[in-house]
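# A closer look at the structure
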Amino acid sequence: QVQLVESGGGLVQAGGSLRLSCAASGRTFSTYGMGWFRQAPGKEREFVAAISKSGGNTYYTDSVKGRFTISRDNAKNTVYLQMNSLKPEDTAVYYCAARMALGYSVSVYLGQSDYNYWGQGTQVTVSS
C-alpha cells in the first residue's frame, strides 16, 4: 500500500513557475513508476508526465514539453513536477499516481488505468 500526498500548488501569474511535490509512504518507492495527471474544470483528467522507477526515463504530453520537468528522489520518496512558463490553460487540480513497476526499470506508464494509487490532488491556478 502506498499513500501519496501532493503539495506545492497555488496561484501564479502567467509566465510564472511552480514546483509540485508528491511524497510517498512506504519503503519501496524505488520500485514504483510515477505519473502526474491533471483535471481542469469541466474536463476529464488527463496525463501530464511520467517517470520510470529509476528516474532514467521520462515522458510528457505534448502541451507541456519544454515547460514541465518531472523528476524523483528515491532517497526522499518524492516525485516532483517543475512547471515553468505557466499558461492559464494549465489551471487544474494536479494529481500524482503510482504503480508497482515490475520488469524493466525504464518503463513509463501513460494511462490512468495503469496506476493503482492516487494522491488527493493540489490546485494550480494560473491567472492571465
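For every chain, the first residue of its written sequence is number 1, and the numbers climb from 1 along that sequence. Restriction of local features to residues with pLDDT of at least 70 applies here, the model being predicted, together with a cutoff of 80 or more for giving and counting side-chain atom pairs; totals for whole chains, interfaces and linings are based on all residues. Heavy atoms throughout the structure, all of them, feed into the side-chain values; hydrogens and water do not.

As a further point, take unusual backbone geometry. The phi torsion at Asn 77 lies on the positive side, around 55°, for a residue other than glycine. The helix count covers DSSP runs of H or I at least four residues long, the strand count covers runs of E at least two residues long, and both are numbered beginning at the N terminus. Among the secondary structure elements, Asn 77 is positioned in the loop between strand E7 (68-73) and strand E8 (78-83). For Ser 85, which is not glycine, the phi dihedral falls at a positive 50°. The topology assignment puts Ser 85 in the loop between E8 and strand E9 (92-100).

Burial along strand E1 (residues 4-7) is one-sided: the face carrying Leu 4 and Glu 6 is buried and the face carrying Val 5 and Ser 7 is not. With four bridges connecting them, E1 and strand E3 (residues 18-24) associate as antiparallel partners. Within the sheet, the bridge partner assigned to Leu 4 lies in E3 and is Ala 24. Only protein chains enter the calculation, and the probe is 1.4 Å; a residue is then buried if its accessible area is under 20% of its type maximum, exposed if over 50%, and partly exposed in between. Two strands qualify as a pair provided DSSP detects at least 2 bridges between them.

Pairing between the strands of a sheet comes from backbone hydrogen bonds, and it takes one of two forms, parallel or antiparallel. With antiparallel pairing, four strands are arranged side by side in an open sheet as E1-E3-E8-E7. Since the sheet does not close on itself, it has two edges, and those belong to E1 and E7, each with one partner. Each strand axis lies, on average, 15° off the axis of its neighbour in the sheet, ignoring direction. A fitted line through C-alpha atoms serves as each axis, taken over the contacting stretch for helices, and the angle formed by two N-to-C directions is quoted from 0 to 180°.

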